[in-house]
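A look at the structure
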Amino acid sequence: LKLRDYKRVLILVDASIVITLHKISRWTPFIQRHEVIIPGVVVSDEAIFVDTGEVRRSNIVDSVAQALSSNTVRRCDASSSELAEVEQVLDDLVLTNIHSGEHEGLALMFTPALEEYVWCCSDKLAYKAAGMLGLSDRCVCLDEALRAIGQGYTLPHEYCQEFMDQYVNEGVQCRITGLGMREELH
Amino acid sequence: MPQDLGNRIKAIRERLNLTQADLAEKSKLASHQIISEIERGNREIKAFELSQIAGALHVSINELMAPDELAPARVLWREEPERAEEKEARFLELCRRYLNLKQACGIQSSSMFGGEKVVSDYHEVERLAEETRKTLGLGAYPAKELAHILEADFDFLIDYSDLGEDGSAACSSGPFGNAILVNSREAPWRRNYDIAHELFHLLTWNDAESDDCPDKATEQFANAFASHLLLPADTVSVEIDEIIDDGKIAFVDMIELARKFDVSTSALLWRLRSLRYLAPEVVEQVLENPTFRSLDKTAMTPHWWEPPDLPEKYVRIAFLAYMKGNLSKSKLAEHLDTNLIGVDKKLAEYGLIETEGLQESVNTC
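Residues numbered from 1 in each chain as written. Chains lettered and ligands numbered in written order. Predicted model: local features only at pLDDT ≥ 70, side-chain atom pairs only at ≥ 80, totals over all residues. Heavy atoms only, no water.

With respect to the sheet that holds strand β4 (residues 118–120) of chain A
As summarised here, the arrangement of the five strands in space is β3-β2-β1-β4-β5 (chain A), forming an open sheet in which the pairing is parallel. Edge positions in the open sheet fall to β3 (73–76) and β5 (139–140) of chain A, since each of these has one partner strand only. (Pairing = 2+ DSSP bridges. Helix = DSSP H or I, 4+ residues; strand = E, 2+ residues; numbered from the N terminus.)

Structure, rendered in structure tokens:
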């Protein structure tokens, strides 16, 4: 997937991406140039964005709330039936070890209304799960998503293409071998 | 699906003695009517609601969504604290997470203690304590190493939590192995005794009644076991013979000896009674003596060892699962009771730092 070929890209992001975009001061251009969706689990839990060492209210909570209220960013909620679709594919060991926000994000990827969106995270298991679910061509790393809008930034390796490819491919291999997949489906 | 899920939520809520209003409040949902509708299957539950409800019930989303109902593991309490159900649920959640993490790292449960021991009198309790001390390799002053050896060599999970003023300790055994819950508010020597006491229940787990609180006789056996385990007759005799002067033992020597064994003065005094060094009425007199109590208190170290928020081995195994790519970082944060922003800091508290290259490996011959 070469995002630079697209004018406007639809992206589903998890909490780590929201936090990092704020850390590197790229949140505003990112949400202005990409069409961004955040899973409801991530949005509804303010504690995700609060630095436990700080007394003051997190600026991430405020800026996410502002972006949502101005419709610059959208929130999407998966239903329990949509979560169950992911549960039918991945085995308990994988499901138990991903966060509910990641579980929801992956479930949302299967809703018809979001079929043009790509999945952006920075986590080994979340990328691997995407590969296992057959979403290998619908994943993007933050590095690529930023460069696509001319906002390149030197990021740690977990935000880069090589990292994403490695773990998405591991997931694809699991999909082929059945490792981590529910037995009845394989 | 919504009805099954609603039934499971209701069953777990009732097990925790929570009302629908309690659960709504804990889940940060607007009203108890939402819980009522979800439980009756009249409402398609959203992922964020499910996540918050699961968190409040101390289970994971997929445990809630699993078609088989979550079978609750048995927990034996020494003295039940206030709101025991919730503390128990949190403890069992930690145990289940520990099992998941071990599986994610490909580690098998390896406890040598299967809970198959049976005792019917004090002689058997004494023999069991002797045998256990040898098996654990505890040495002459067992309390100093007991917790560490159980955790490091015998795969016990020891969780120190604030159980309030009333609760002392609990234990459980299941697919996760053996686990002990200790009140972090207790003094270190009390915690050592509690661990030894709970160890007895785990060794005799299969023989125990199904009640959550063992009967009085079993509790007395557990106390006797703890006393024999932590205060070996031979070592205590050698030590006590050295400090007896003209048929008397000075208060300060007695207190110092209790510190040496890392037990409470009360535990030492009752052990001296069982070894026939002191008469029972003398033990009671000493324990009520204001001078003795004052000396005991002033001899306490001002800085006790403070147990970590979470068991160290649990944190290490969670970190290992994350480094192996089998646990997401957000989930790691959740397991460590923090969030993505705070997770690195929390890991650093346990001496763990995420570094590139931790996954490098070599080919074997």
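Let's talk about the interface of chain A and chain B
If you look at the interface, chain A gives 40 residues, while chain B gives 34 residues. Carbon and sulfur atoms make up 54% of the surface buried where chain A meets chain B, a total of about 2900 Å² over both sides. At the junction of chain A with chain B, the criterion picks out zero salt bridges. Across the chain A-chain B interface, the total number found is 13 residue pairs in polar contact (both at pLDDT 80 or more). (Contact = heavy atoms within 4.5 Å. Buried area = accessible area lost by both parts, 1.4 Å probe. Salt bridge = Lys/Arg side-chain N within 4 Å of Asp/Glu carboxyl O. Polar contact = N/O pair within 3.5 Å; in protein donor to acceptor, adjacent residues only side chain to side chain.)

Side note on the nonpolar core
Generally speaking, nonpolar side chains in soluble globular proteins are found buried as a group. In this structure, L90(A), W119(A), Y127(A), I9(B), I53(B), L57(B) and L64(B) are the most contacted members of the largest nonpolar core, which totals 62 residues. For this core, the leading source of residues is helix α4 (residues 47–57) of chain B, giving seven residues. Those residues in contact with L64(B), other than ones at most four positions away along the chain, are L5(B), R8(B), I9(B), I12(B), L50(B), I53(B), A54(B), L57(B) and V59(B). By size, the runner-up hydrophobic cluster in this structure holds 54 residues, among which are V125(B), A222(B), L229(B) and L257(B). (Core = buried A, V, L, I, M, F, W, Y, C linked by side-chain atoms within 4.5 Å. Buried < 20%, exposed > 50% of the residue type's maximum accessible area, 1.4 Å probe, protein only.)

Topic: the side chain of T132(B)
Counting through the fold element by element, T132(B) comes out in helix α7 (residues 122–136). Once residues within four sequence positions are removed from consideration, T132(B) is found in contact with L199(B), L203(B), F225(B) and L229(B).

Some remarks on the packing of helix α11 (residues 233–243) of chain B against helix α12 (residues 251–261) of chain B
For any two helices packed against each other, one specifies the inter-axial angle together with the distance between the axes. Residue and element names in this part refer to chain B. Packing of α11 against α12 leaves a shortest axis separation of 11 Å and a crossing angle of 155°. Comparing their axes, α12 and α11 come out roughly antiparallel. Our pair here, α11 against α12, has a crossing hand that is right-handed. Residues T235, V236, E239, I240 and I243 of α11 pack against D253, L257, K260 and F261 of α12. Across the contact of α11 with α12, the residue classes break down as five nonpolar, one polar and three charged. (Axes fitted to C-alpha atoms, helices over the stretch in contact; angles between N-to-C directions. Parallel < 35°, antiparallel > 145°, perpendicular 65-115°, else oblique. Left-handed = near helix turned anticlockwise from the far one by under 90°. Nonpolar A, V, L, I, M, F, W, Y, C, P; charged D, E, K, R; others polar.)

What to know about helix α4 (residues 59–69) of chain A
Residues and elements named next belong to chain A. Turning to α4, its buried residues are I60, V61, S63, V64, A67 and L68. Packing partners of the buried residues in α4 comprise α1 (15–23), α2 (27–33), β2 (35–39), α3 (40–44) and β3. Just downstream of α4 lies N71, where phi reads positive at about 60°.

Details of the state of the cysteines
Applying the stated criterion to the full structure yields zero disulfides over all chains. C160(A) supplies the cysteine sulfur nearest to C141(A), a cysteine that is in no disulfide, at a spacing of 6.2 Å. The exposure class of C141(A) is buried, given its relative accessible area of 1%. Not part of a disulfide, C95(B) finds its nearest cysteine sulfur in C171(B), a span of 10 Å. Judged by its relative accessible area of 0%, C95(B) falls in the buried class. (Disulfide = S-S within 2.5 Å.)

Looking at the sheet that holds strand β4 (residues 177–183) of chain B
Residues and elements named next belong to chain B. An order of β1-β3-β4-β2 is seen for the four strands of this open sheet, with the pairing classed as mixed. Pairing within the sheet leaves two strands with one partner each, and these edge strands are β1 (75–77) and β2 (157–161). The average angle at which neighbouring strand axes cross in this sheet is 20°, direction not considered. Along the sheet face, helix α6 (residues 84–104) touches β1, β2, β3 (169–174) and β4 and points at about 145° away from the line of β2.

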